[in-house]
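# Architecture at a glance
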Amino acid sequence: MPIPSRIALNAIECVRYRGSKMGAGFACINLRGEPTAKVKLFTQSENDSMLIYRMLEERLPGRAAAKPVPEHSQDFYSISSYTIPVDAEYEDLWRAVQEVNEAIWRDGLKGRIYSWGRHVDVFKGVGYPFDVYEIFRLGNRDLDGDLWLAHTRQPTNSPGRFPFWSHPFASGEWAIVHNGDISSFGSNIELLRSIGYKSFVGTDSEVIVYLLDYLTSFQHMNVQEVAKILCNKFTLDVPDQEFIKLLYKWRGARLDGPFSVIAGFCDGHDVYLLAFADRFKFRPIIVGEDENYVYAASEEAQIRTISADARVWTIEPGDYFLASQKHGIIYPGRTMYEKYCMLASATKPHSPDEESIDASNMNYRMLNQAIHERIELGYRRVDVKNVRGQRYIGVGIDKPATLRIFGTPGNCLGNLNSCLDIEVFGNVQDDVADVMTGGRIIVHGDARDVLAQAFQGGAIYVRGNAGNRCGIQMREYRDRRPFLIIGGRVDDYLAEYMAGGVIAVLGLNYLDIETEIVGNCIASGMVGGKIYVRGDVSSSKIGLTPPRLDVLQYLRGLVLEGRLSEGKYREITSIGDLSLHTLKKFLPQEISKQVSKLYLSKYWKELVVETRLLNEHDLALLQPHLQEFGKFFNLEREVRRVIEEEHFTIIYPKTEAVTKVEEPEEG
Amino acid sequence: MSVWRGDIVANLRTLAGVEGKTPSEPPIVSMGSVNPPLIEAPCFILDHIISDGAQVTRPSIDPYREPTETEVYLFGAGLRLAMPIIISGLNDIEPKHVSPLIHSCFRMGVGVHLEGSTAEEIPVDVRRFVLLEAEHNTLREIDGGPTIIRIDDREALVKLMKTSDATHLSGQLAARVPSTAEPAFYSSIVDAGFRVIIVDEDLGGEEPLEIALSEVDQVLKGLKVEGTPARYEVGLLAAASRIRSSSDVFKLGGLGADACIIRDAWKIAVDYRSEIATSLLSERLENLLIGMQREIKLLMGAAGVSAFQSSIVGNRELFRSIDLPLKLTERLGVKPAGE
C-alpha cells in the first residue's frame, strides 16, 4: 500500500524537539520510477540553474530532456530547488554530476546537485520538517511513496544556514538519513577520492550514501554484504578468512564512531529499507513491523505515531536491519527477535482512570506542568494517557505519589527520581532513571539504552528487555542500595563501571532454550555491587578480553619454545571462550601467569564469577525484589521457577565485599 | 638538541620495566601537555602534528573497558600483526640474543625486519612474521614468508626487473626504498608486483619521512590494481631510527603508514647491553610492546576511534598541525590547528 507524505511528516514532527530550524527533509522512493533520472539542484537564481543545465548538457549532449523547473517559490536563505530530467546511463550521469558539482564550488557558485535518481526523490531545505513540507507543498502534490524517509537536524559540525547540508543525502537510487559523527570520516573520504568522487559538501552523512551507492552500483555487491562492511560489528569469534579479506580490501568503507543510519534503496526490482547502528551503539535506532509496513526510527514514539500496535525491537550493536517491499524482513538485526519481543507485547491488564490527563496534543512542558499541578493539589495517584514521546516525565517531583503512564514516554523518564512510583504500561525509551535515588520505576514492556545510569536508590523493574549500557555507574551508599531487575535480556556493557547495588537479568523470554541473555563486555570496570544473570555467561563476555588471535599467537609462541605441548595448544584452540578464567583451568600455573599480562593491568582487575543455584544469602538479598517483580507483572510462577531451579552466573569484584548481605527486615 | 629527550627515554624504560614499578602501564594523564612544539622544542615534522581528539558528539573510548582494535593486516590480509609495529635493528646485536627476541616478537604478534639471515635459521611458524631481507639484489622470494628487496631508485628497479624472472612471485614481496616521493618510481614498484612498500628514511632520500610517506600514500591511491585503488592492495610501512614512541607510530599511521619499523627505540627502552641476560631482554621487550599497544589504544580512544587500520591509517582529518609552513601542511594533507 503506498504511503502518503503526511504520514512521514507526522512521524518526524513527533520528535521535533530533537532537531532545530537548521535543516529538515524527506525522501520518497518508488518502485515505479520516472522514465528518466530527476536531477535536482539548489541554486541562487534561475540564471545559475541555466548555467548548471548547460554544464550538464556539455557533458551529456542531448540528454537533458528539459530546462530546469523551479520546485517551489519560497526560498531557503536565497537558495531554491530546481529539477532537470536527464536520460543517461547511470555511470555517465554519475560522472557528470561529480564534475558539475566540483565545477560549481570551484567557480564560487552557491549551488549543488543533490539528487539524481529515477526512483528516489528528495525534498530538503532549511527549517523544521513542517516548514520544508509546506515549502515543497508536499501535502498538495498527491505524492505517494513505497518508502518515505524523514529527518530533522541539529547541526554540530557543518553549517545549517544553507540546504546543502540538510538530510536526506542521496546518490543514485539511494537516500539516507543519519544521526551521528563518524570518526572514520577522513579514511572514508580518502577511499571515495581514490575511486573518483570529486566533490563533497563535507559531512559524514554524504560519505555514507556515496559508499552505499558505489559498492552496490559499481562493485555490484549485495546490500547485506555492504551493510556488514559499513557496520563494522565487533565479534568475539574470529570471522572467516574470506570476510577478513573483504573487510581488509574495503577497509576505507568501514565506519567508526557514533552513527545510526536509515537508508532507502531501489534496485529497479524491489524497494529496500536498511537501518544500521555503530558497534558501540552510541546512537539510538529502533525497528518495527505490523501487518502492512516496516519501520525504522530514532524513537519508538515515532513508530507509535503511525502504528499503535506494531511489534518493535532494537538492532544489536554494530548490526543492521534489512527489509524489502517484496520479501518483507530479510534480516531483522537481532537474533531471535520474535522471542525478544515476547515479553513486551504481553497483554497490558490495566486501563487509565477516567480522571487521567490526556497527553495527546501536549508538548513535554505542558504535560509535565499538568502532572506537577495535580501532585501539588494533593493527588496521590496521577494517570496519564496517550503519551507519545514527551520527555522528562516525573522529573523534579519531591512528593511521594504514583504516576501511571499509558503510551510511550520519551527519553529521560524519571531522571533524578527520589520518591515517585512510576508505572509505565508500554515500552520506555532511552535514558530512563538517570541518577535515581529513590522510589520505583515499573515498566510493563522493554527499556532501551542507558537505563539506570548512576542509579543509586530504589528499584527498577522491567518486564521485557533492556538495551545497551544498562546500570552503568550504579552505586550504593550505606543503607541506600539500588535494585535493577530485567525480565528479558540486555545488550552490551551491562553494569560498566558499576560501583554498587544489585542487578538481576532473568531472560524469562528464553527459558525454553539455551542462549546467553546478555551482550558483550558486561561488568567492564566493575568495582562494587553484584550482578545475577540467569544461566551461563561465557567468561569472555565478562569484562574485556584480548583478541582471541592474540592469545593463540602468544600460546603458539610458547609451543615453539617447547614450553607448552602441541596437544595442549590444540585443545585450547578448540575452546570457544578464551578468557583468563578458562586459561587458568587448562594451563600450568606458570604459563597462565605469563599469559595473564595480556589480560590484566593496573586498571583492570579480575572479577569473581560463580555459576550456581541461588543460596540463602542471595535469596536474602534478592527474593523480596524478585517477588515484587513477579507480582507487578503477573510472572510469579516464572519467578518462582527461576529462584528454585535455575542456575545463575553471579559476578562481583574480588577486592572487597561492598555488598554486605543483610537479614531481611521483619514484617 | 637530542632526538631522545629525557622524558621520551624515561617513558620507554618505564614501559619496558627497566625503570619504575609497573611495567607496560602508560601513565593516565588528563588534559594538557608538555610536548612539542609549544613547550619542548620540536625536532621533526611529527612534533608539529597533534591529534585533534574526540569531542561531545564523537565521544572518547576507554580502551581498558571497551574493545579497541590495533591489529593490522598486510599482504592482502595474509599477514596479521597484533599491533602496527615491526621490530628491526637485530642484526647488530649479540647473536645469542637474536632468536629469543624474535620469539618474543612472534608471541606478541609483532613483525620482525631481519637483514642478512637465511630462512633455514628461522622456525617455519615464525618465518611468517619475519620480513627477511635478501642479501643480494635479485627479485627472488625467500621461502616461507615475506621477503624484502631493497631498491634505491628507479634505475635499480629497472635493472632488477631485467635480471629477474618475476613469474613465480606469490605476492609476499616488500620493497624497501629511500624517503622519496617520486610518483613514477612507486608506480613501477606496484607494477613489478610488490605488495608492501617500506619508506625508510635511514636509506636516505630527498624528503623527510613524513612528507614522503604521506605523498606515497596519495600516489598509491591514484594508481589502480585490478580495478581498485592500489593503496588498498599494497601495504605501506614507515621506517626510521628516529621513530621514538607510540605517539610517533600513531601520527605516522595518520599520514598513511599501516605499521612502523622500530629500529632504535626498543633498544633504548630495554636498555640493551650484550651482557644482560637474554630472558630479561625478552621480558623487557614484551613489556614494552604491551605498553606501546596500550598507549596506541589510549591515543585511539582519545580520538574516538576503535580500529587502527581502517580508521587511523591515512585519516588526516583526525590530525592538525601547529606552526608548520602552509606548503608543508598542504603536502601532508593535514589542516592547520583551528580549522
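Whatever comes next refers back to the structure up there.
Parameters at a glance
- Residues numbered from 1 in each chain as written.
- Chains lettered and ligands numbered in written order.
- Predicted model: local features only at pLDDT ≥ 70, side-chain atom pairs only at ≥ 80, totals over all residues.
- Heavy atoms only, no water.
- Helix = DSSP H or I, 4+ residues; strand = E, 2+ residues; numbered from the N terminus.
- Rg over C-alpha atoms; globule rule 2.2 N^0.38 Å.
- Buried < 20%, exposed > 50% of the residue type's maximum accessible area, 1.4 Å probe, protein only.
- Contact = heavy atoms within 4.5 Å.
- Areas by Shrake-Rupley, 256 points an atom, 1.4 Å probe, with all protein chains shown as cover.
- Lys, Arg positive; Asp, Glu negative; His and termini not counted.
- Charge placed at Lys NZ, Arg CZ, Asp CG, Glu CD.
- Axes fitted to C-alpha atoms, helices over the stretch in contact; angles between N-to-C directions.
- Parallel < 35°, antiparallel > 145°, perpendicular 65-115°, else oblique.
- Left-handed = near helix turned anticlockwise from the far one by under 90°.
- Nonpolar A, V, L, I, M, F, W, Y, C, P; charged D, E, K, R; others polar.
- Pairing = 2+ DSSP bridges.
- Patch = residues over 30% accessible without salt bridge, like charges linked within 9 Å, V, L, I, M, F, W, Y side chains within 5 Å.
- Salt bridge = Lys/Arg side-chain N within 4 Å of Asp/Glu carboxyl O.
- Buried area = accessible area lost by both parts, 1.4 Å probe.
- Polar contact = N/O pair within 3.5 Å; in protein donor to acceptor, adjacent residues only side chain to side chain.

### So, the overall build of chain A
What chain A contains, in helices and strands, is 17 helices and 29 strands. Taking 667 residues into account, the globule formula puts the C-alpha radius of gyration at 26 Å, and chain A, at 27 Å, falls close to it. Overall, chain A is about 85 × 80 × 40 Å in size when its C-alpha atoms are taken along their principal axes. Buried positions account for 61% of the 667 residues belonging to chain A. Nonlocal contacts in chain A, meaning residues at least 24 apart in sequence, comprise 62% of its contacts between residues at least 6 apart. Counting every atom, chain A has about 25800 Å² of accessible surface; 47% of that belongs to carbon and sulfur. Of the charged side chains in chain A, 77 are positive and 89 negative, and the gap between their average positions amounts to 3 Å.

### Things to note about the packing of helix 5 (residues 185–194) of chain A against helix 6 (residues 204–218) of chain A
Residues and elements named next belong to chain A. Contact geometry of helix 5 with helix 6 gives a least axis separation of 10 Å together with a crossing angle of 45°. By the angle class used here, helix 5 and helix 6 are oblique. Seen along the crossing, helix 5 lies across helix 6 with a hand that is left-handed. Here Phe185, Asn188, Ile189, Leu191 and Leu192 of helix 5 lie close against helix 6, whose contacting residues are Asp204, Val207, Tyr210 and Leu211. Classifying every residue of the contact of helix 5 with helix 6 by side-chain character gives seven nonpolar, one polar and one charged.

### Quick word on the pairing of strand 23 (residues 440–443) of chain A
All names here are of chain A. Judged from the four bridges that link them, strand 22 (residues 421–425) and strand 23 form a sheet pairing that is parallel. Bridge assignment links valine 424 to a residue of strand 23, and that residue is valine 443. Across four bridges, the pairing between strand 23 and strand 24 (residues 459–462) is parallel. Paired with valine 443 across the strands is valine 462, a residue of strand 24.

### Brief notes about the sheet that holds strand 7 (residues 120–125) of chain A
Strands belonging to one sheet form pairs held by backbone hydrogen bonds; the direction of such a pair is parallel or antiparallel. Residue and element names in this part refer to chain A. Spatial strand order, 7-2-9: three strands in an open sheet with antiparallel pairing. Each end of this open sheet is capped by a strand with a single partner; those strands are strand 7 and strand 9 (147–152). Pairwise comparison of adjacent strand axes, ignoring direction, gives a mean angle of 10° for this sheet. As judged from the six bridges shared by strand 2 (residues 24–29) and strand 9, these two strands associate in the antiparallel manner. Bridge pairing links alanine 24 to threonine 152 in strand 9. On top of the sheet, helix 1 (residues 5–13) reaches strand 2 and strand 9; it is set at about 35° to strand 9, its chief contact.

### Notes on the sheet that holds strand 15 (residues 335–336) of chain B
Residue and element names in this part refer to chain B. The three strands are arranged 1-14-15 in an open sheet whose pairing can be described as mixed. Because the sheet does not close on itself, it has two edges, and the strands there are strand 1 (49–51) and strand 15. As paired elements, strand 14 (residues 319–321) and strand 15 share two bridges and run parallel to each other. By the bridge assignment for strand 15, serine 321 is matched with proline 336.

### Section: the environment of Met50(A)
Residues and elements named next belong to chain A. On the secondary structure map, methionine 50 appears in helix 2 (residues 46–59). Looking at methionine 50, the relative accessible area reads 21%, which means it is partly exposed. Each C-alpha atom of the pair methionine 50 and leucine 583 lies 71 Å from the other, and the pair is 533 residues apart in sequence.

### Here's the deal with a nonpolar patch on the surface
Residues and elements named next belong to chain B. On the surface, Val34, Leu38 and Ile39 cluster together to form a nonpolar patch covering roughly 330 Å² of accessible area. Along the chain, isoleucine 39 falls in the loop between helix 1 (6–16) and strand 1. A residue is classified by how much of its surface remains accessible, and isoleucine 39, at 59% relative accessible area, is exposed.

### Here's the deal with the interface of chain A and chain B
At the junction of the two partners, chain A supplies 58 residues and chain B supplies 60 residues. Carbon and sulfur atoms supply 52% of the area that chain A and chain B bury against each other, a total of about 4800 Å² over both sides. Taken as a group, Tyr248(A), Arg251(A) and Tyr603(A) account for 15% of the area that chain A buries against chain B, more than any other trio of residues on that side. Linking chain A to chain B there are nine salt bridges. Salt-bridge contacts for Asp125(B) lead to Arg556(A); the nearest nitrogen and oxygen are separated by 2.8 Å. If you look at where chain A meets chain B, you find 34 residue pairs in polar contact (both at pLDDT 80 or more).

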